[in-house]
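Tertiary structure, described
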Amino acid sequence: MSTLRVNLKNNADNSYDIKIGQDMFGDFISGLKDDPIAHSYVIVTDSNVRELYGEKLKSLLDEIADKTLLLDFPAGEMQKNREVKSEIEDRMLEAGFGRDSALIALGGGVVGDLAGYVAATYTRGIPYIQVPTTLVACVDSSIGGKTAIDTPHGKNLIGAFYQPQSVIIDINTLTTLGPEEIREGLAEVIKYGIIADYELFELIEKKTGDIFNYDINLLSLIVERCCRIKGDVVENDEKESNLRKILNFGHTIGHAIENHSNYTLTHGNSISIGMVLEGLIAVNLGIWTEDDLERVKSVFINAGLPVEIPFDIDPEKLISSMKIDKKSRAGVIEMSLPEAIGKIYRIDGKYAVKIDDEIIREVF
Ligand SMILES: NC(=O)c1ccc[n+]([C@@H]2O[C@H](COP(=O)([O-])OP(=O)(O)OC[C@H]3O[C@@H](n4cnc5c(N)ncnc54)[C@H](O)[C@@H]3O)[C@@H](O)[C@H]2O)c1
Ligand SMILES: [Zn+2]
């Protein structure tokens with residue numbers, strides 16, 4: 001037998017910029033003109049965002065690129081699947097897009113996750129740029145390089161870690177969102193405050209109404225602070241071995257609730273309840289104070305987010321689905337819990353705490 005070794009020490013630089021501003025499309029395109037990342041560009045978007053911003057971006061892009069293509073699929077989580085991924089790929093192949101192409105993901109998290117995964121695998125990987133247009137996408141899904149599609153077995157089960165070349169956030173696009181979409185994002189924003197930024201939490205506490213009035217300066221400030229937190233976390237732990245787990249606060253119980261509602265409860269609503277229940281676990285364990293938890297609950301209520309499970313459910317069912325979640329290890333449920341507003345509890349250097357089933361039963 002002979003053994004030959006292929007040495008592949010991974011020292012690639014996957015760094016990228018997140019640009020946040022108003023009316024960013026012009027600057028974005030002139031930046032691409034000065035510093036192109038490809039000869040041809042495909043914009044992937046959904047049916048709603050195509051009408052609002054897709055055509056406009058395409059016409060700007062037409063002025064600087066050899067070849068452009070604007071592709072859309074019907075809006076909604078239901079479309080984040082293998083079939084839609086194949087359709088996009090086939091249309092790109094038919095149009096002759098090769099390895100010298102780049103992809104622009106224009107839209108919410110559904111577009112970002114799906115289009116990012118297309119970019120990760122198209123001709124074994126082409127560069128892509130995230131242009132998020134929902135609050136969820138601005139503060140969460142566009143940063144960190146997690147791309148994925150859903151399968152009948154569960155959400156986000158097939159995908160890749162694939163970082164974008166840059167993230168372009170035009171805050172003005174958020175003004176066409178409805179209050180429901182703002183609320184979805186706000187649940188994640190409040191989470192950032194609880195896990196890492198007391199001042200951000202306080203700002204939301206004081207100015208919830210202004211957020212729903214689309215105060216652009218406030219939205220810019222909030223998005224910037226959240227991106228900074230997510231960027232820092234991902235920078236330190238890209239593949240979620242420890243620190244990145246703090247972003248899962250509220251998501252262990254939240255995902256189980258979302259799942260058992262058959263997705264009738266949105267992700268934002270589910271994690272809002274999840275954060276309250278996981279917060280209660282932290283209080284019961286003596287890690288966190290009841291006063292802080294009450295304060296957090298008031299902020300959720302003020303934002304129109306739920307703090308209790310709105311249907312009857314057997315706690316055992318929730319516990320078993322938490323055990324098969326991607327986040328649990330060998331059937332042991334783990335959670336990241338706050339010890340103060342703005343700080344996650346850490347034990348033996350670890351940010352995820354193993355939680356006994358009995359403790360979870362207690363809070364239900
Ligand atoms: N990759 C990650 O790290 C990560 C993190 C969080 C969420 N996600 C994923 O993100 C998805 C949820 O993202 P989402 O909440 O943005 O949903 P979404 O992409 O479905 O957008 C919500 C709705 O808003 C519409 N929309 C988008 N931009 C708009 C605008 N500017 N004005 C008006 N309407 C607009 C969309 O067409 C859609 O109907 C889920 O699939 C989730 O799994 C991924
Ligand atoms: Zn989330």
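Before reading on, note that the structure itself is shown above.
Here's what I pulled together on the structure shown here. (Residues numbered from 1 in each chain as written. Chains lettered and ligands numbered in written order. Predicted model: local features only at pLDDT ≥ 70, side-chain atom pairs only at ≥ 80, totals over all residues. Heavy atoms only, no water.)

Let's talk about helix 1 (residues 25–34)
Counting along an α-helix, one turn takes 3.6 residues, and residues three or four places apart therefore face a common direction. Stated precisely, the cut-off is as follows: Only protein chains enter the accessibility calculation, which uses a 1.4 Å probe. A residue is then buried if its area is under 20% of the maximum for its type, exposed if over 50%, and partly exposed in between. Only runs of H or I of at least four residues qualify as helices and only runs of E of at least two qualify as strands under DSSP, and these elements are numbered from the N terminus. Taken from the helix axis, the directions to the C-beta atoms give the arc we talk about. The contact definition used throughout considers only heavy atoms, calling two residues in contact when any of these lie within 4.5 Å.
Among the residues of helix 1, those classed as buried are Phe-25, Phe-28, Ile-29 and Leu-32. On an axial view of helix 1, the arc spanned by its buried residues comes to 90°, and they lie on one face. Within helix 1, the exposed residues directed more than 90 degrees away from the buried face are Asp-27, Lys-33 and Asp-34. Buried-residue contacts for helix 1 involve strand 2 (40–46), helix 2 (47–62), strand 4 (101–107), strand 5 (128–132) and strand 8 (166–170).

Some words on the state of the cysteines
Two cysteines whose sulfur atoms are joined by a covalent bond form what is called a disulfide. Applied cut-off: Whenever a pair of cysteine sulfur atoms sits within 2.5 Å, that pair is classed as a disulfide.
Taken as a whole, this structure holds 0 disulfides when the rule is applied. Of all cysteine sulfurs in the structure, the one in Cys-227 sits closest to Cys-138, which takes part in no disulfide; the separation is 7.0 Å. Look at Cys-138 and you get buried, because its relative accessible area is 0%. In this model Cys-227 remains outside any disulfide bridge; the closest cysteine sulfur is found in Cys-226, 7.0 Å from its own. Residue classification places Cys-227 among the buried positions, given a relative accessible area of 4%.

Some thoughts on the packing of aromatic side chains
Basically, it comes down to this: Centres within 6.5 Å make a pair out of two Phe, Tyr or Trp rings, where for Trp the six-membered ring is used; the pair is then stacked when the planes are under 30 degrees apart, edge-to-face when over 60, and tilted otherwise. Placement of a charge over a ring requires the Lys NZ or Arg CZ to be within 6 Å of the ring centre, with the centre-to-atom vector within 35 degrees of the ring normal.
All told, the structure shown has 2 aromatic pairs when counted by the stated rule. Summarising the aromatic geometry, the rings of Phe-25 and Tyr-53 are spaced 6.3 Å apart at their centres and angled 85° between planes, so their arrangement reads as edge-to-face. With a gap of 28 residues between them, Phe-25 in helix 1 and Tyr-53 in helix 2 connect regions that are remote in the sequence. The exposure class assigned to Phe-25 is buried, which follows from its relative accessible area of 2%. Taking the relative accessible area as the measure of exposure, Tyr-53 reaches 13% and is therefore buried. Sitting over the face of the ring of Phe-97, Lys-67 holds its NZ or CZ atom 4.7 Å from the ring centroid.

Thoughts on the packing of helix 10 (residues 267–284) against helix 11 (residues 290–302)
Counted only if it meets this: Lines fitted to C-alpha atoms define the axes here, with helix axes fitted over just the stretch in contact, and angles between the N-to-C directions of these axes take values from 0 to 180 degrees. The cut-offs work like this: below 35 degrees is roughly parallel, past 145 is roughly antiparallel, 65 to 115 is roughly perpendicular, and the gaps in between are oblique. Just so you know the grouping, Ala, Val, Leu, Ile, Met, Phe, Trp, Tyr, Cys and Pro go in nonpolar, Asp, Glu, Lys and Arg go in charged, and all remaining residues, Gly too, go in polar.
It is the contact of helix 10 with helix 11, at a shortest axis distance of 10 Å, that shows an interaxial angle of 175°. Taken together, the axis directions place helix 10 and helix 11 in an arrangement best described as roughly antiparallel. Residue-level inspection shows Ser-272, Met-275, Val-276, Gly-279, Leu-280 and Val-283 of helix 10 in contact with helix 11, the latter providing Glu-290, Leu-293, Lys-297 and Phe-300. Its residues assigned to classes, the contact of helix 10 with helix 11 comprises 6 nonpolar, 2 polar and 2 charged.

Section: the site of ligand 1
As a reminder, the rule being used: Near is defined per residue: the residue qualifies when any heavy atom it owns lies within 4 Å of the molecule or strand. Throughout this description, a polar contact denotes any pair of N or O atoms lying within 3.5 Å of each other; where both atoms belong to protein, one of them has to be capable of donating a hydrogen while the other can accept it, and for residues adjacent in sequence the pair is counted only when both atoms sit in side chains. Accessible surface is estimated by sampling points in the Shrake-Rupley manner with a 1.4 Å probe; for residues, cover comes only from the protein chains shown.
Residues in close proximity to ligand 1 total 24 residues, the closest being Asp-46, Glu-77, Thr-133, Thr-134 and Thr-176. In the environment of ligand 1, an oxygen atom lies 3.4 Å from a nitrogen or oxygen atom belonging to the side chain of Asn-156. Thr-176 is positioned such that a nitrogen or oxygen atom in its side chain is 2.7 Å from a nitrogen atom of ligand 1. Within the complex, 84% of the 870 Å² of free accessible area of ligand 1 lies under protein. Mapped onto the shell around ligand 1, the elements with two or more residues apiece are helix 2, helix 4 (109–121) and helix 5 (135–141). Ranked by residue count, the leading element in the shell around ligand 1 is helix 2, at 4 residues. A breakdown of the residues in the shell around ligand 1 according to their chemical character gives 7 nonpolar, 9 polar and 8 charged.

Worth remembering: the numbers are spatial, not functional.
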